[in-house]
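Below are the chains, spelled out letter by letter.
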Amino acid sequence: MDKNYSKYTLEDFTQDKNFIHWVNTGLHSDEWHQFMDENPQFRKDIEVARKIISVLKLNPSAISEEEIYEGWKNVEHFYNLYHKKRRKLSFKKYFRYAAIFLFALVIGATIPYFYFKPHKNQPYSDIIMPSDISEAKLILSDGDEIILRENQNVLQFDTKGGIKINNERIKRHIPKSSKSVLSQLVLPFGMIKSDILLSDGTRVWLNAGSTLLFPHKFEGKERKVILKGEAYFEVAENKNSPFVVNANEIDVAVLGTKFNLKNNANDDELEVVLVEGSVSLKENNRFKLLNKEIKLEPKQRAVYNKTSNKTEVSFNVDTDYYTSWKDGLLMFNLESIVTVFKRLSRFYNVQFITETNVELYRKISGKLDLTGSLEDVLKVVSDAAPISYRIENDIVYVSEKK
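This structure is a prediction, so every number in the text was calculated from the model and none was measured.

**Side note on the overall build of the protein chain**
Thought 1: Looking only at helices and strands, the protein chain has 10 helices and 25 strands in total.
Thought 2: The buried share of the protein chain, reckoned over its 402 residues, is 48%.
Thought 3: In the protein chain, 54% of the contacts between residues at least 6 apart in sequence involve partners at least 24 apart.
Thought 4: Taken as a whole, the protein chain presents about 20700 Å² of accessible surface, with 46% of it coming from carbon and sulfur.

**Some words on the nonpolar core**
Thought 1: In terms of nonpolar packing, the biggest core is built from 42 residues, with Leu138, Phe233, Phe259 and Leu261 touching the most fellow members.
Thought 2: A total of four residues in this core trace back to one element, the largest contributor, which is strand E12 (residues 223-234).
Thought 3: Ignoring any residue separated from it by four or fewer positions in sequence, one finds Leu138 in contact with Asp144, Glu145, Ile146, Leu148, Leu155, Phe157, Ile163, Ile165, Gln184, Leu185 and Phe214.
Thought 4: In terms of nonpolar packing, the next biggest core, distinct from the first, is built from 27 residues, Trp325, Val338, Leu374 and Ala385 among them.

**Notes on unusual backbone geometry**
Thought 1: We note that Lys299 has phi near 70 degrees; this positive angle belongs to a residue other than glycine.
Thought 2: Among the secondary structure elements, Lys299 is positioned in the loop between strand E18 (293-296) and strand E19 (301-305).
Thought 3: On the basis of relative accessible area, Lys299 is assigned to the partly exposed category, the value being 44%.

**Notes on the packing of aromatic side chains**
Thought 1: All chains considered together, the criterion is met by 20 aromatic pairs.
Thought 2: Here Tyr321 and Tyr322 contribute two aromatic rings whose centre-to-centre distance is 5.0 Å and whose plane-to-plane angle is 85 degrees, an arrangement assigned as edge-to-face.
Thought 3: The buried category is assigned to Tyr322, whose relative accessible area is 18%.
Thought 4: Of the aromatic side chains, those joined through ring pairs into one cluster are Tyr5, Tyr8, Phe13, Phe19, Trp22, Trp32, Phe35 and Phe42.

**Points about the packing of helix H9 (residues 337-348) against helix H10 (residues 374-384)**
Thought 1: Two elements in contact, H9 and H10, have axes separated by 12 Å at closest approach and are oriented at 170 degrees. The orientation of H9 with respect to H10, classified from their angle, is roughly antiparallel. Seen from H9, the contacting residues are Val340, Phe341, Leu344 and Tyr348; seen from H10, they are Leu374, Val377, Leu378 and Val381.

**Focus: the environment of Ala265**
Thought 1: Positionally, Ala265 belongs in the loop between strand E15 (258-263) and strand E16 (269-276).
Thought 2: Sequence-wise, Ala265 and Ala247 are 18 residues apart; in three dimensions their C-alpha atoms are separated by 10.0 Å.

**A few points about the pairing of strand E4 (residues 145-148)**
Thought 1: Along E4, the buried face is formed by Ile146 and Leu148; none of Glu145 and Ile147, which line the opposite face, is buried.
Thought 2: Bridge analysis of strand E3 (residues 136-139) against E4 gives four bridges, and the strand direction is antiparallel. Bridge pairing links Lys137 to Ile147 in E4.
Thought 3: The hairpin turn running from E3 into E4, its antiparallel successor, is five residues long, and Gly143 in that turn takes a positive phi close to 95 degrees.

**Here's the deal with the confidence of the model for the protein chain**
Should the pLDDT be low somewhere, the predicted coordinates at that spot are not to be read in detail.
Thought 1: Across the protein chain, the average pLDDT comes to 76, with 75% of residues at or above 70.
Thought 2: In the model of the protein chain, strand E1 (residues 116-118) stands out as the element of lowest mean pLDDT, 32, in contrast to strand E10 (residues 203-206), which has the highest, 96.
Thought 3: Note that residues 58-132 has pLDDT below 50 and, in this model, 150 contacts with residues that lie over four places away or in other chains.
Thought 4: Throughout residues 285-290 the model reports pLDDT below 50, and contacts reaching past four residues in sequence, or to other chains, amount to 22 contacts.

**Points about the side chain of Ser241**
Thought 1: Looking at the element boundaries, Ser241 is found in the loop between E12 and strand E13 (243-247).
Thought 2: Given a relative accessible area of 8%, Ser241 falls into the buried group.
Thought 3: Sequence-distant contacts of Ser241, defined by excluding residues within four places in its chain, comprise Gly220, Lys221, Glu222 and Arg223.

**With respect to the environment of Phe352**
Thought 1: Tracing the backbone shows Phe352 in strand E22 (residues 351-355).
Thought 2: Judged by its relative accessible area of 0%, Phe352 falls in the buried class.

**A closer look at the packing of helix H2 (residues 17-25) against helix H3 (residues 29-38)**
Thought 1: Packing of H2 against H3 brings their axes to within 10 Å, and their N-to-C directions diverge by 115 degrees. By the criterion of interaxial angle, the relationship of H2 to H3 is roughly perpendicular. Every pair of crossing elements has a handedness; the one defined by H2 and H3 is left-handed. Side by side, H2 and H3 meet where Asn18, Phe19 and Trp22 of the first sit next to Ser29, Trp32, His33 and Met36 of the second.
Thought 2: Each residue belonging to the contact of H2 with H3 can be placed in one class, and the counts come to four nonpolar, three polar and no charged.

**A word on the pattern of salt bridges**
Thought 1: One pass over the full model with this rule turns up 14 salt bridges.
Thought 2: Here Arg169 makes a salt bridge to Asp158, at a shortest N to O gap of 3.9 Å. With Arg169 in strand E7 (residues 168-170) and Asp158 in the loop between strand E5 (152-157) and strand E6 (163-165), this residue pair connects regions lying 11 residues apart in the sequence.
Thought 3: Linking Lys326 and Asp327 is a salt bridge whose minimum nitrogen-to-oxygen distance equals 3.6 Å.

Cut-off values and rules
Residues numbered from 1 in each chain as written. Predicted model: local features only at pLDDT ≥ 70, side-chain atom pairs only at ≥ 80, totals over all residues. Heavy atoms only, no water. Helix = DSSP H or I, 4+ residues; strand = E, 2+ residues; numbered from the N terminus. Buried < 20%, exposed > 50% of the residue type's maximum accessible area, 1.4 Å probe, protein only. Contact = heavy atoms within 4.5 Å. Areas by Shrake-Rupley, 256 points an atom, 1.4 Å probe, with all protein chains shown as cover. Core = buried A, V, L, I, M, F, W, Y, C linked by side-chain atoms within 4.5 Å. Phe/Tyr/Trp six-rings, centres within 6.5 Å; stacked < 30°, edge-to-face > 60°. Axes fitted to C-alpha atoms, helices over the stretch in contact; angles between N-to-C directions. Parallel < 35°, antiparallel > 145°, perpendicular 65-115°, else oblique. Pairing = 2+ DSSP bridges. pLDDT = per-residue confidence, 0-100. Left-handed = near helix turned anticlockwise from the far one by under 90°. Nonpolar A, V, L, I, M, F, W, Y, C, P; charged D, E, K, R; others polar. Salt bridge = Lys/Arg side-chain N within 4 Å of Asp/Glu carboxyl O.

Written out as structure tokens, the structure is:
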């Protein structure tokens, strides 16, 4: 097996893509059974995780909050039957597994993997950001998919079920049976971002490599959306209905404000930068049942560490530095070359391969215009750093400037 599962917990198994794929399809069964034979200490957790996934094997596009709770009852019933002692389940502890699994299932988007690793027998090192998402698409609540062909798209939704894409009206309506079901906007990595006007008047800029789930029409006490990746929000004010962005462990709640939220799966940190108004951050109560809350004021930046569950707040930050991507600009201030390459990989959907003698952690500063070509951007980078490059298809080979 390619991945090291030696430190996995029950929760980790319920969120692992390869594990879920095995449970749902049966593929690679021999490898998993061999793993259990070689690591019997994991057998109990694996069996419980399999049952959780099997019990909750629902259609992600048709899962309502009521069904999540009903699914949890089934999990609790199974768990009590599974253990001979039939210990009373802690709702607080195990509902977290069901809820987190459902959230991961609904998102369903592959987030790129970034790494830098020297090769002993090769003069190059890889910096890779692959993506399984090849097309930008809008997946409606009834299951219909609309492929977005432009690099930048403007989407508009109204309360009557109407949709406009780049000012062209799409003749589709919300099925009566799916009022509470979420639509999804999925963007691949590359020079693609979308400007979305939600039915309540909230405007969202969704960055490349991100997914936004939202109802076509907001109903109830909250206006709730789910974000995986990065987005900038200008929230329409409604004092009677807070706008809530669910980002895994954290809920960001506002009445009307402007802020940037970054929640990349492979990053250990979740980041919120407030431009105007106020926001509150608190751990999602359905997952952790905690009441800790942090309120931000303009020009403050909160960073939540997903491992330690701790949040640090910075004051008087330059908000343009964190939000300029929505205007096609990339700003960096005393950042390493490897960090710049990582961010360019996201915007242009390319792989960087560097010679081992390149000073990847050399600090540089500047501003890049991402509306231009990759060639134009790399020319600017090579002026700020001692590097040379050549582009072959979707690979950029970087060497030390001679």
